[in-house]
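Architecture and fold: a report
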Amino acid sequence: MLQQLSLSEQSRFSKLFATLHIGKSLRQAGISKSFGLPSLAIFQIVFSLVFEGKNWFRLLESDRGANLPGKDVIYRFLNQASFAWRRFLQALSLRIVRHFESLISPHRVRVFIIDDSVLSRNRSKKTE
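Here's a quick rundown of the structure. (Residues numbered from 1 in each chain as written. Predicted model: local features only at pLDDT ≥ 70, side-chain atom pairs only at ≥ 80, totals over all residues. Heavy atoms only, no water.)

Let us look at the overall build of the protein chain. Within the protein chain, the regular secondary structure consists of seven helices and zero strands. Secondary structure of the protein chain in N-to-C order comes out as α-α-α-α-α-α-α. Evaluated residue by residue, the protein chain yields a buried proportion of 27% over its 128 residues. Long-range pairs, those at least 24 residues apart, make up 61% of the contacts in the protein chain with a sequence separation of at least 6. (Helix = DSSP H or I, 4+ residues; strand = E, 2+ residues; numbered from the N terminus. Buried < 20%, exposed > 50% of the residue type's maximum accessible area, 1.4 Å probe, protein only. Contact = heavy atoms within 4.5 Å.)

What follows is about the environment of Ile 31. Tracing the chain through its elements places Ile 31 in the loop between α3 (22-28) and α4 (39-52). Taking the relative accessible area as the measure of exposure, Ile 31 reaches 0% and is therefore buried. Measuring from C-alpha to C-alpha, the distance between Ile 31 and Ser 82 comes to 8.0 Å, with 51 residues separating the pair along the chain. With near-sequence residues (within four places) excluded, Ile 31 lies in contact with Leu 26, Ser 39, Phe 77, Phe 83, Ala 84, Trp 85 and Phe 88.

With that settled, consider the nonpolar core. The nonpolar side chains of a soluble globular protein tend to be buried with one another. Within the largest apolar cluster, 23 residues are counted, with the highest numbers of intra-cluster contacts made by Ile 22, Ile 31, Phe 43, Trp 56 and Phe 88. At five residues, the largest contribution of residues to this core is made by α4. (Core = buried A, V, L, I, M, F, W, Y, C linked by side-chain atoms within 4.5 Å.)

Looking now at the pattern of salt bridges. A complete count under the given rule lists one salt bridge for this structure. The partner of Arg 76 in a salt bridge is Asp 72, with the nearest N and O atoms 3.0 Å apart. With Arg 76 and Asp 72 both in helix α6 (residues 71-78) and four residues apart, this pair spans about one turn of that helix. Since its relative accessible area comes to 52%, Arg 76 is described here as exposed. Using a relative accessible area of 42% as the deciding quantity, one classes Asp 72 as partly exposed. (Salt bridge = Lys/Arg side-chain N within 4 Å of Asp/Glu carboxyl O.)

Keep in mind these numbers describe shape, not what the thing actually does.
In structure tokens:
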């Protein structure tokens, strides 16, 4: 399935994934599969949906849909109760912060800003 895609489509985010060691973070959080596509490949597909501006249903209907896994594979992957998604997000956040720290001069002042202001939405009545 996924092997039939061109190398440019497969490795669209591979440099980012390699730099941030996302596969390692997935394994440390217990996010792995016993058979079929690897968990990293499925995560990469779900991750790419955000940048393509499509949902899973629309992507399956597109020309690429024949080469992608079925929606049951994605839903089982995302809804697996034994996966520690919070641990994964925490490890990923830490890797991103450390990566950006290496790009910033050590002489800069570091701050942590918490903004608790409420955004006003004039178009809806029951939203904060």
